[in-house]
Amino acid sequence: MKKLIGIFCIIFWAGLLAGISFLEAPLKFQAPGITIPLGLGIGQLVFQALNKIEIVLLLIILACSLPAPLKNICSVLLFSVTILLMADTFLLLPLLDERANLVLAGHAPAKSYHHILYIIIDTIKFLLLIALGFLNLKSLYHEKRHS
């Protein structure tokens, strides 16, 4: 049962990333009447909520996966996702929030690479979660087939 919960959380997390990071975020600014400040304000709320949900999902996945040896490919993928989420949480989101707050206050922040880096990290995180979900489903299938 633990394994099923972990797999569900992995796939759910990948779906959240796809829906929010790759669909909602870029489309939001194309909606009629959405200004840059309004879009940024919405984006801050959505991505802060997403980050909290990602942390909870990671904790559930870790609880369902442990103990697991780090030499296992699934463990390496999960470790990689964890590192990327920590980079988002403690490095990139605070920097992006600071930039958004400057824009909301009417200032023009200096150009930076942080938003592109966030997109790259989310893309890698998404691909790792898809691979992790697939490998866990494959493992579950083999366990059920051989038991």
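Residues numbered from 1 in each chain as written. Predicted model: local features only at pLDDT ≥ 70, side-chain atom pairs only at ≥ 80, totals over all residues. Heavy atoms only, no water.

Novice: Just checking my understanding: could you explain the packing of aromatic side chains for this structure?
Specialist: Two descriptors summarise a pair of aromatic rings, namely the distance from one centre to the other and the angle between the planes of the rings. A full pass over the atoms with the stated rule returns 3 aromatic pairs. Where Phe8 meets Phe12, the ring centres are 5.7 Å apart and the plane angle is 15 degrees; that geometry is what we call stacked. Taken together, the residues Phe8 and Phe12, both in helix α1 (residues 2-28) and 4 residues apart, mark about one turn of the helix. A residue is classified by how much of its surface remains accessible, and Phe8, at 54% relative accessible area, is exposed. (Phe/Tyr/Trp six-rings, centres within 6.5 Å; stacked < 30°, edge-to-face > 60°. Helix = DSSP H or I, 4+ residues; strand = E, 2+ residues; numbered from the N terminus. Buried < 20%, exposed > 50% of the residue type's maximum accessible area, 1.4 Å probe, protein only.)

Novice: Is there a simple way to explain the packing of helix α3 (residues 73-104) against helix α4 (residues 114-145) in this structure?
Specialist: Helix-helix packing: each pair is described by the crossing angle between the helix axes and the interaxial distance. Running from N to C, α3 and α4 point in directions that differ by 155 degrees, and their axes come no closer than 9 Å. Regarding the angle of α3 to α4, the classification is roughly antiparallel. Relative to α4, α3 is oriented so that their crossing is left-handed. For the contact of α3 with α4, a count of residues per class yields 21 nonpolar, 4 polar and 3 charged. (Axes fitted to C-alpha atoms, helices over the stretch in contact; angles between N-to-C directions. Parallel < 35°, antiparallel > 145°, perpendicular 65-115°, else oblique. Left-handed = near helix turned anticlockwise from the far one by under 90°. Nonpolar A, V, L, I, M, F, W, Y, C, P; charged D, E, K, R; others polar.)

Novice: It is not clear to me how the nonpolar core should be interpreted in this structure. Could you clarify?
Specialist: In globular proteins that are soluble, nonpolar side chains generally tend to be buried together. If you look at the biggest cluster of nonpolar residues, it comprises 27 residues, and the most contacted ones within it are Trp13, Phe47, Leu50, Ile61, Tyr118, Leu129 and Leu132. Broken down by element, this core gets its largest block of residues, 9 residues, from α3. Those residues in contact with Phe47 that sit more than four places away from it in its chain are Ile20, Ser21, Ala25, Leu93, Tyr118 and Asp122. (Core = buried A, V, L, I, M, F, W, Y, C linked by side-chain atoms within 4.5 Å. Contact = heavy atoms within 4.5 Å.)

Worth remembering: the numbers are spatial, not functional.
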